[in-house]
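# Understanding the architecture of this molecule
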Amino acid sequence: MENIALIESFSEFKDDKFIDRVTLMAILEDVFRNALKKKFGSDDNFDIIINPDKGDLEIWRNRIVVEDGEVEEPNEEISLTEARKIEPDFEVGEDVSEEVKLMDLGRRAILALRQNLISKIHEHDNTTIYKQFKDLEGEIYTAEVHHIRHKAIILLDDEGNEIILPKDRQIPSDFFRKGDNVRGIIESVELKGNKPAIIMSRSSPKFLEQLFFQEIPEVFDGLISIKKVVRIPGEKAKVAVDSYDDRIDPVGACVGMKGSRIHGIVRELGNENIDVINWTSNPQLLVTRALSPARVSSVKLNDEKMTAQVYLKPEEVSKAIGRGGHNIRLAGQLTGYEIDVFREGVEEDVELTEFSDEIDAWIIDEFKKIGMDTARSVLEQEVADLVKRTDLEEETITEVVRILKAELEE
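Below or above, wherever it landed, is the structure these notes cover. The shown structure was predicted, so the numbers you read here are calculated from the model rather than taken from an experiment.

How each quantity is defined
Residues numbered from 1 in each chain as written. Predicted model: local features only at pLDDT ≥ 70, side-chain atom pairs only at ≥ 80, totals over all residues. Heavy atoms only, no water. Helix = DSSP H or I, 4+ residues; strand = E, 2+ residues; numbered from the N terminus. Buried < 20%, exposed > 50% of the residue type's maximum accessible area, 1.4 Å probe, protein only. Contact = heavy atoms within 4.5 Å. Areas by Shrake-Rupley, 256 points an atom, 1.4 Å probe, with all protein chains shown as cover. Pairing = 2+ DSSP bridges. Axes fitted to C-alpha atoms, helices over the stretch in contact; angles between N-to-C directions. Phe/Tyr/Trp six-rings, centres within 6.5 Å; stacked < 30°, edge-to-face > 60°. Parallel < 35°, antiparallel > 145°, perpendicular 65-115°, else oblique. Nonpolar A, V, L, I, M, F, W, Y, C, P; charged D, E, K, R; others polar. Arc of directions from axis to C-beta. Polar contact = N/O pair within 3.5 Å; in protein donor to acceptor, adjacent residues only side chain to side chain. Salt bridge = Lys/Arg side-chain N within 4 Å of Asp/Glu carboxyl O.

## Considering the overall build of the protein chain
Helix and strand counts for the protein chain come out as 16 helices and 15 strands. When each of the 410 residues of the protein chain is scored for burial, the buried share is 43%. Taking contacts inside the protein chain between residues at least 6 apart in sequence as the whole, the part at least 24 apart equals 56%. Here the protein chain has roughly 23,000 Å² of accessible surface; of this, 46% comes from carbon and sulfur atoms.

## Looking at the sheet that holds strand β14 (residues 307-312)
Across the sheet, which stays open at both edges, the three strands sit in the order β13-β14-β15 with mixed pairing between neighbours. Pairing within the sheet leaves two strands with one partner each, and these edge strands are β13 (298-302) and β15 (338-343). Neighbour-to-neighbour, the strand axes of this sheet turn through a mean angle of 20°, independent of strand direction. The sheet contact formed by β13 and β14 spans five bridges and is antiparallel. Paired with serine 298 across the two strands is tyrosine 311, which belongs to β14. Contacts from helix α10 (residues 283-290) reach β13, β14 and β15, with the element oriented near 125° to β13.

## Observations regarding the sheet that holds strand β12 (residues 273-278)
Reading across the sheet, the three strands line up as β10-β11-β12 and stay open at both edges, with mixed pairing between neighbours. Both outer strands of the open sheet, β10 (224-232) and β12, are each paired with one neighbouring strand and no more. Direction aside, neighbouring strands of the sheet carry axes that sit 20° apart on average. Relative to β12, strand β11 (residues 236-243) is paired through six bridges, and the arrangement is parallel. Counted as the bridge partner of lysine 236 is asparagine 273 from β12. Set on the sheet, helix α6 (residues 205-215) makes contact with β10, β11 and β12; between it and β10 the angle comes to about 145°.

## Concerning the packing of aromatic side chains
One pass over the full model with this rule turns up three aromatic pairs. Their ring planes at 35° and their centres at 5.1 Å tell us that phenylalanine 40 and phenylalanine 46 sit as a pair that is tilted. Owing to a relative accessible area of 22%, phenylalanine 40 belongs among the partly exposed residues under this scheme. Here tyrosine 311 and phenylalanine 342 contribute two aromatic rings whose centre-to-centre distance is 5.2 Å and whose plane-to-plane angle is 25°, an arrangement assigned as stacked. Remark: phenylalanine 342 occurs in strand β15 and tyrosine 311 occurs in strand β14; sequence separation between them is 31 residues. Classification of phenylalanine 342 by relative accessible area gives buried; the value is 15%.

## Brief notes about unusual backbone geometry
Serine 292 connects to proline 293 through a cis peptide bond whose omega is 15°. Looking at the secondary structure, you find proline 293 in the loop between α10 and β13. Phi is positive for methionine 306, which is not a glycine, with a value near 55°. Following the sequence through the fold, methionine 306 ends up in the loop between β13 and β14.

## Regarding the packing of helix α11 (residues 314-321) against helix α12 (residues 326-335)
It is at 5 Å that the axes of α11 and α12 come closest, and there the two elements cross at 70°. It follows that α11 is roughly perpendicular to α12 by the angle criterion. Between α11 and α12, the contacting residues are Lys319, Ala320 and Ile321 on the first element and His326, Asn327 and Ile328 on the second. A per-class count over the contact of α11 with α12 returns three nonpolar, two polar and one charged.

## Overview of the environment of valine 400
Positionally, valine 400 belongs in helix α16 (residues 394-408). Overall, valine 400 belongs to the buried group, its relative accessible area being 3%. Considered as a pair, valine 400 and isoleucine 363 are 37 residues apart in the sequence and their alpha carbons are 8.9 Å apart. Apart from residues lying up to four places away in sequence, valine 400 is in contact with Ile359, Ile363 and Phe367.

## Details of α10
Within the sequence span of α10, burial applies to Leu286, Val287 and Ala290. Along the axis of α10, the buried positions cluster into a sector of 100°, meaning they face one direction only. The backbone nitrogen of glutamine 284 has a side-chain oxygen 3.0 Å away, supplied by the residue at the start of α10, namely asparagine 282.

## Regarding the environment of serine 204
By secondary structure assignment, the location of serine 204 is in the loop between β9 (195-201) and α6. Remark: the alpha-carbon pair of serine 204 and glutamine 170, spanning 34 residues in sequence, is separated by 9.0 Å. Once you skip the residues sitting within four places of it in the chain, serine 204 turns out to touch Ile185, Glu187 and Arg231.

## Details of the pattern of salt bridges
By the definition in use, this model includes 22 salt bridges. For glutamate 235, the salt bridge identified is with arginine 323, shortest N-O distance 2.7 Å. With glutamate 235 in the loop between β10 and β11 and arginine 323 in the loop between α11 and α12, this pair connects stretches of sequence that are 88 residues apart. Residue arginine 323 is classed as exposed on the basis of its relative accessible area of 62%. Within this structure, Asp174, Arg183, Arg202, Glu215 and Glu268 form a network of salt bridges that share partners.

Listed below in structure tokens is the structure:
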């Protein structure tokens, strides 16, 4: 009876952990064989019979009958006298099969059996979850907010699997409460110890790409291909699209009438401004398109240094650079070129790097971050605006302006 009771209690795990019967039986046999090795030194001469339909298990030890006093391996040999207690007509040299009861293993061994089984099932469960989510890497997944921590949000899916959304994988404007449903991509899955660590991201360009697959039927059907996605999460993104069918306008299909198709994506991303542009293999044209909404007059490329000199009318420069330099930075990431902006018709200008003797390199780098590489590009901006767009103090910017003006007025 104790065998039946133990197997029935073990079988509870099958329903709780969704382990198939064959796997559960294999785990059971493995656990019992480990217990037999500890008790008897070897399990080679034991037969374990598991009957899942009856919830029963039998353990039989097989030994050879030897003359009394000649037993050298008690686990493999049995004396004639002991054998005849089992069956009176046993003779020397015959095989004896004797059932081993669980109570023969001892109470501690039985407790260890159960603990070992729990551990094995958890290990199996974690491996299954790892494989399941590893296959979902790069795919959109939805889970519910369970716990909010300072550096991460802990999510649970419908099956109780824990998913981590770190702070740096969130969109800056994200705000969630317990119980909210959250969408993101499964960015990475790793086994830490025996437990899978599932990381979700909402800031990855891949999340935006997958939203296009979900929300734009032509993208899902393969009629429109997404060539590249670059993002500054929560601020701005650029998506380059292409179509192999000349009858399809890829940009129009993605945006929709009056932005109807892309509106849901923009809302999901905290009102992130998304520019959708037509992909081209012509690098000059790609740079021109990447700087939209600015209208570019001309482009000069240096393919060896991967730099692009872009010339625009003065009133188009601020559009090309964009708020906080976001537009020009994303255009550079999309095209692979380092883009320098020049004002059309303005002949006299000086690169900021020429002032390295008077202006510290880190200050010049701050201006470059917002797309300002020349003296005039800085001087055409208000000091107050430059303070907002850079990490520089007003006094520093005022001094830079003084130095630049002195040079150009000479």
